[in-house]
Amino acid sequence: MIPYCFHTHTKRCGHAIGEDEEYVIEAIAAGVRRLGFSDHVMIPGFSQPRIRGEFSEIEGYLNSINFLKQKYQDKIKLYAGFEAEYSDSFESYYRSLFEENKIDYLILGQHFSFVNGKIEDYFGHVHDKTSMYKYRDYAVKAMSTGLFSVFAHPDLFLSNAPRFDATAKAVAIDICKAALQYDVALEINLAGIRKGIVKIGNEKRYLYPYRPFWKVVAKYKCRVVIGVDAHDPRDFKSNEYSMALQMIRELGLNHDQQLKLKEYKK
């Protein structure tokens, strides 16, 4: 049984399938009692087909979740949120989403860096010290804002790393220290497991979760949650959740099974 999931997408992003209600139905069947929708944030004046929905879709997205909140209120608690990349230029927009009571929470998914609303780097392909430290800097700044309850797949920057070297360890330590300082949960992401084992350098492993990173997390005793990262309603039926639980037990991770979403503070 999955007690809660706050990482759930919808077909609006262009790379997920299924209707919103199907996600709710499958989540209930999987034992989920608290379900958060966190599609890739729609950004005014910014278009990324097949990555995030157009800004014109935001009201339909929020209206759908609010309707389902009422329809299934006796079976499951629903929340409206987004998975968002941090950028200085987007911070005021994110704050407005809270101030206008449009969303319940945000999770940080630092796939890219943005400068003036344009993609500068793709963090899924970090290969050198400069880009690793840049990922760290954006992540730490994001957590310091108090906007984010969860840092989704924080080990994304290692998805193509041939080894866990001194730089990777230093970045992992800094992420853990910031997560503790700003009270942000780190997410073991099940989508990386669903993608299967791949060969990177001399290792055969998941793109993420990457165990060497999570050994550092265990040392610092950061709060850890599991995110289904559902892109298909059937993702709630998969066995990756039990695999993540096994890793939590093996590494002695601090599993937060009662995640409390952050209340927005002006």
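Everything that follows concerns the structure shown earlier in this document.
This write-up is about the structure you can find in this document.

Criteria and thresholds
The numbering scheme is per chain: residues are counted from 1 as the chain's sequence reads. The predicted origin of the model limits local features to residues at a pLDDT of at least 70 and limits the giving and counting of side-chain atom pairs to 80 or more, whereas totals for whole chains, interfaces and linings rest on all residues. The side-chain figures draw on all heavy atoms in the structure; neither hydrogens nor water molecules are used. In what follows, salt bridge is the name for a side-chain nitrogen of Lys or Arg lying within 4 Å of a carboxyl oxygen of Asp or Glu. Only DSSP runs of H or I reaching four residues or more are called helices, and only runs of E reaching two or more are called strands; each is numbered from the N terminus. Each residue's exposure class comes from its accessible area (1.4 Å probe, protein chains only) as a fraction of the maximum for that residue type: buried when under 20%, exposed when over 50%, partly exposed otherwise. Pairing between strands requires that DSSP locate at least two bridges from one strand to the other. Contacts between residues were defined by any pair of non-hydrogen atoms, one from each residue, lying within 4.5 Å. Fitted lines through C-alpha atoms give the axes, limited to the stretch in contact for helices. The angle between two N-to-C directions lies from 0 to 180 degrees. Stacked, edge-to-face and tilted labels apply to pairs of Phe, Tyr and Trp rings (six-membered ring for Trp) whose centres lie within 6.5 Å, assigned for plane angles under 30 degrees, over 60, and everything in between, in that order. As a reminder, the over-ring test applies to NZ of lysine and CZ of arginine, requiring each to be within 6 Å of the ring centre and within 35 degrees of the ring normal. Put simply, the grid is 1 Å and covers the protein atoms alone, a cavity is a trapped set of points that fit a 1.4 Å probe, a pocket is an open set with protein on both sides within 12 Å along at least five of seven lines, and lining residues have an atom within 4 Å of a point. Grid points are joined across faces, edges and corners, and a volume is the space filled by probe spheres set on the points. When residue character is reported, Ala, Val, Leu, Ile, Met, Phe, Trp, Tyr, Cys and Pro are called nonpolar, Asp, Glu, Lys and Arg charged, and the others, Gly included, polar. Oblique is the label for any angle not under 35 degrees, not over 145, and not in the 65 to 115 range, which are roughly parallel, roughly antiparallel and roughly perpendicular in turn. We define a polar contact as two N or O atoms separated by no more than 3.5 Å, with the added condition that, inside protein, one atom must be a possible hydrogen donor and the other a possible acceptor, whereas residues neighbouring each other in sequence contribute only through side-chain atom pairs.

## A short note on the pattern of salt bridges
Now for step 1: For the structure on display, the rule yields 18 salt bridges.
Now for step 2: In this structure, the salt-bridge partner of Arg52 is Glu85, at a minimum N-O distance of 3.1 Å. Taken together, the residues Arg52 in the loop between β2 (34-40) and α2 (58-71) and Glu85 in the loop between β3 (77-84) and α3 (88-99) connect sequence positions 33 residues apart. Here Arg52 and Glu85 have matching classes, each one buried.
Now for step 3: Between Glu91 and Arg95 there is a salt bridge; the shortest N-O distance is 2.9 Å. One end of the pair is Glu91 and the other is Arg95, both in helix α3 and 4 residues apart, which spans about a single turn. Accessibility assignment for this pair places Glu91 and Arg95 in one class, buried.
Now for step 4: Salt bridges sharing common partners tie together Glu59, Glu100 and Lys102.

## As for the sheet that holds strand β4 (residues 105-108)
Now for step 1: With parallel pairing, the 8 strands of this open sheet are ordered in space as β1-β2-β3-β4-β7-β8-β11-β12. Looking at strand neighbours, the two that pair on one side only are β1 (4-5) and β12 (254-255), the edges of this open sheet.
Now for step 2: Two elements, β1 and β2, share 2 bridges in a ladder whose sense is parallel. Bridged to Tyr4 within β2 is Arg34.
Now for step 3: Helix α8 (residues 240-251) rests against β8 (185-189), β11 (223-227) and β12 of the sheet, and its axis sits at about 165° to β11.

## Some words on the packing of aromatic side chains
Any two aromatic rings considered together are summarised by their centre-to-centre distance and by the angle between their planes.
Now for step 1: Per the stated rule, a full pass over the model turns up 16 aromatic pairs.
Now for step 2: When the centroid spacing of 5.4 Å and the interplanar angle of 80° are considered together, the rings of Phe6 and Tyr105 count as edge-to-face. In this pair, Phe6 is assigned in the loop between β1 and α1 (20-29) and Tyr105 in strand β4, connecting sequence segments 99 residues apart.
Now for step 3: Overall, the relative accessible area of 5% leaves Phe6 in the buried class.
Now for step 4: An aromatic cluster of three or more residues is present, and its members are Phe46, Phe55, Phe90, Tyr93, Tyr94 and Phe148.
Now for step 5: Sitting above the plane of the Tyr79 ring, Lys77 keeps its charged end 5.8 Å from the centroid.
Now for step 6: We note Arg205 situated over the ring of Tyr210; from NZ or CZ to the ring centre the distance is 3.7 Å.

## Here we look at empty space enclosed by the protein
Now for step 1: Within this structure, the stated rule accounts for 1 cavity of 30 Å³ or more.
Now for step 2: Approximately 40 Å³ is the volume attributed to the largest cavity.
Now for step 3: Forming the boundary of the largest cavity are Tyr4, Phe6, His7, Val150, Glu187, Val225, Ile226, Gly227 and Leu259.
Now for step 4: Considering each element in turn, the lining of the largest cavity owes the most residues, 3 residues, to β11.
Now for step 5: Its residues placed into classes, the lining of the largest cavity shows 6 nonpolar, 2 polar and 1 charged.

## Some words on the packing of helix α4 (residues 129-144) against helix α5 (residues 166-181)
Now for step 1: One way to put it is that α4 packs onto α5 with a least axis distance of 10 Å and a crossing angle of 5°. Put simply, α4 runs roughly parallel to α5. Residue-level contacts link Lys129, Met132, Tyr133, Tyr135, Arg136, Val140 and Met143 of α4 to Thr167, Ala168, Val171, Asp174, Ile175, Ala178 and Ala179 of α5.
Now for step 2: Classifying every residue of the contact of α4 with α5 gives 10 nonpolar, 1 polar and 3 charged.

## A closer look at the side chain of Gln48
Now for step 1: For Gln48, the position within the fold is in the loop between β2 and α2.
Now for step 2: The class of Gln48 is buried, set by a relative accessible area of 5%.
Now for step 3: Reaching out from Gln48, the side chain makes a polar contact with the side chain of Arg52 at a distance of 2.6 Å.
Now for step 4: Here Gln48 is in contact with Glu54, Phe112, Phe114 and Ile119, once residues within four sequence places are set aside.

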